[in-house]
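Remarks on the overall topology
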Amino acid sequence: MCDTCGCNITPGNAHIAARKNAHGDSAVEVLQGLLSENDRIAAHNRAHFDQHGVLAVNLMSSPGAGKTALLEATIDALKDEFSIAVIEGDLETENDAARVRAKGVPAIQITTGSACHLDAHMVHDALHHLPLAGLDIVFIENVGNLVCPASFELGSHRDITLLSVTEGDDKPAKYPVIFRAADLVLLTKTDLLAVLDDFDPQRAEQCVRALANPAPILRISARRGLGMEEWFKWLRGEVGQLKAQSSKFRVHQPEPAPVFRAPAGRP
Amino acid sequence: MHELAVCQGMLDQVTRIAAEHHATGVNRILLRIGALSGVEPELLHQAFPLASAGTVAADAELAIETAAIRVRCDTCGEETEALPNRLICGSCGDWHTRVVSGDEMMLMSVDLTT
């Protein structure tokens with residue numbers, strides 16, 4: 001909400017802007033985001049994360065860019081340092097949640113059916129199955145798709161877009177909305193650069209900068225363990241920053257009562 | 001195609017506004033969509049009859065005005081037009097810019113029958 005674009009005019013006060021025209025019809029000025037209901041739930045999710053000092057990270061990429069492999073390698077390396085949980089989004093199957101659970105951390109699978117993205121409501125439902133109070137990081141692995149996930153706020157603190165080197169270095173120019181939104185871009189599977197002559201990491205970086213995005217761009221290979229320390233460093237920095245903020249805010253504040261409701265069927 | 005989901009979200013808002021004004025119908029819905037919003041106006045038009053069927057806005061006209069992309073340069077201060085995948089300053093060529101228009105996805109107004 002701000003006072004410049006008109007988003008402060010809500011359904012609650014829209015009648016103030018209402019006016020009758022000559023035909024007895026009312027024209028109601030709204031000036032509200034089309035996804036304001038989703039955004040409202042996203043803000044609610046963010047409040048849940050903030051209350052518990054949990055860093056929420058939204059991972060977005062095309063299918064097969066290596067989101068789950070990144071999570072597996074990250075959990076292997078950091079599970080003694082941080083308490084981690086994962087929310088998995090896919091159209092079908094529990095495969096990715098099973099891969100994450102095999103690493104010893106809780107994972108909630110959201111199967112979206114035919115929906116091409118996660119939205120704030122789905123994440124909110126999943127949150128009620130996670131013990132947020134004991135966690136440091138929640139990774140939200142979005143549906144593999146470089147288009148739709150970019151339009152839906154989830155309430156995450158940071159959005160990461162992965163680009164595997166097998167996809168082509170001009171992907172940020174082809175899918176500008178999702179790469180513009182990224183707080184961090186991870187070039188994945190970089191061990192394959194040796195056998196690919198058509199992916200130039202610098203060109204990929206130029207495409208991201210052409211979107212006026214100053215996000216750091218890290219080159220990693222989760223499978224071969226390349227560049228992972230830089231990624232862990234980024235993650236530690238983000239967790240540290242959030243903990244510092246939330247301890248400042250939580251002084252003299254009682255823990256808010258958790259809002260639980262009956263599980264919806266899925267584990 | 002997430003335009004159907006976007007359309008359903010928009011219709012939830014419209015339905016709520018109509019109820020608050022005790023409207024019997026909705027004549028017209030005006031949206032403003034930027035080229036960087038991630039939503040295609042044409043696909044919204046296609047999704048609208050599916051999403052609005054059975055709602056108070058079933059007979060409404062969906063009007064969409066598009067918003068051109070404009071960026072303001074942090075370096076030289078100029079405001080220029082830009083392309084979705086080329087948000088650099090049209091004046092000095094620097095990429096340190098801010099989008100001032102073109103990423104909006106707004107419900108501007110609804111005309112109600114009361």
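What you see is a predicted model; the values in this text were computed from it and never measured. (Residues numbered from 1 in each chain as written. Chains lettered and ligands numbered in written order. Predicted model: local features only at pLDDT ≥ 70, side-chain atom pairs only at ≥ 80, totals over all residues.)

Observations concerning the interface of chain A and chain B
Applicable threshold: Note that contacts rest on C-beta atoms placed from the backbone: two residues are in contact if these are within 7 Å. Helix numbers and strand numbers start at the N terminus; a helix is a DSSP run of H or I with at least 4 residues, a strand a run of E with at least 2. In this classification, Asp, Glu, Lys and Arg are treated as charged, Ala, Val, Leu, Ile, Met, Phe, Trp, Tyr, Cys and Pro as nonpolar, and every other residue, Gly included, as polar. Here a strand pair is declared whenever DSSP counts at least two bridges between the two strands.
With 32 residues of chain A at the interface, the matching set in chain B holds 36 residues. The set of elements that each furnish at least two residues to the side of chain A that touches chain B consists of α1 (14-17), β2 (25-33), α2 (36-51) and α7 (176-180) of chain A. With 9 residues, the top contributor of residues to the side of chain A that touches chain B is β2 of chain A. Per-class residue counts for the side of chain A that touches chain B are 18 nonpolar, 9 polar and 5 charged. In this sheet, strand β6 (residues 105-113) of chain B lies alongside β2 of chain A in antiparallel orientation, the contact comprising 7 bridges. Paired with G33 of chain A across the two strands is M106 of chain B, which belongs to β6 of chain B.

What to know about the packing of α2 of chain A against helix α5 (residues 120-127) of chain A
All names here are of chain A. What counts is decided by this rule: Helix axes are fitted to C-alpha atoms over the stretch in contact, other axes to C-alpha atoms as well, and angles between N-to-C directions run from 0 to 180 degrees. Oblique is the label for any angle not covered by the other classes, which are roughly parallel (under 35 degrees), roughly antiparallel (over 145) and roughly perpendicular (65 to 115). Crossing handedness follows the turn of the near helix against the far one: under a right angle anticlockwise gives a left-handed crossing, and clockwise gives a right-handed one.
Following both chains from N to C, one finds α2 and α5 inclined at 30°, their axes separated by 8 Å at the closest point. Comparing the axis directions of α2 and α5 gives the class roughly parallel. In this structure, the crossing between α2 and α5 has a hand that is left-handed. Taking contact as the criterion, the partners of N38, I41, A42, H44, N45 and H48 in α2 are, on α5, A120, H121, V123, H124 and L127. Here the residues of the contact of α2 with α5 are counted per class, giving 5 nonpolar, 6 polar and no charged.

A word on the confidence of the model for chain B
Using the following cut-off: Predictor confidence is given residue by residue as pLDDT, running from a minimum of 0 to a maximum of 100.
For chain B, the average pLDDT comes to 95, and 99% of its residues sit at 70 or higher. We note a pTM of 0.85 for the whole complex and an ipTM of 0.87 for its interfaces.

Focus on the pairing of strand β8 (residues 184-188) of chain A
Residue and element names in this part refer to chain A. The following threshold applies: Our exposure labels follow a C-beta count within 10 Å of each residue's own C-beta, placed from the backbone: buried means 20 or more other C-beta atoms, exposed means 12 or fewer, and partly exposed covers the counts in between. Crossover handedness is defined by viewing with both strands directed away from the observer: a clockwise path from the first strand over the helix to the second marks the crossover as right-handed.
Burial runs high along β8: 4 of the 5 residues are buried. Bridge count between strand β7 (residues 158-164) and β8: 5 bridges; the pairing is parallel. Paired with S164 across the two strands is T188, which belongs to β8. By the bridge criterion, 3 bridges tie β8 to strand β9 (residues 217-219) in an arrangement that is parallel. Looking across to β9, one finds that L186 is bridged to L218. Regarding topology, helix α8 (residues 201-209) serves as the crossover connection from β8 to the parallel β9, and that connection is right-handed.

Quick look at the sheet that holds β8 of chain A
Residues and elements named next belong to chain A. Strand order in the open sheet formed by 7 strands is β5-β4-β6-β3-β7-β8-β9, and the pairing between neighbours is parallel. Two strands close off the open sheet at either side, each with one partner strand: β5 (107-111) and β9. On average, adjacent strands in this sheet sit at an angle of 20° to one another, irrespective of strand direction. In the packing of α5 onto the sheet, contacts are made with β4 (84-90), β5 and β6 (137-141), and the angle to β5 comes to roughly 145°.

Comments concerning the sheet that holds strand β3 (residues 70-73) of chain B
Residue and element names in this part refer to chain B. With antiparallel pairing, 3 strands are arranged side by side in an open sheet as β4-β3-β5. Every interior strand has two partners, whereas the edge strands, β4 (79-81) and β5 (97-101), have only one. The average undirected angle you get between the axes of adjacent strands in this sheet is 35°. Note that β3 and β4 share 3 bridges and pair antiparallel. Bridging from a neighbouring strand, V71 pairs with T80 of β4.

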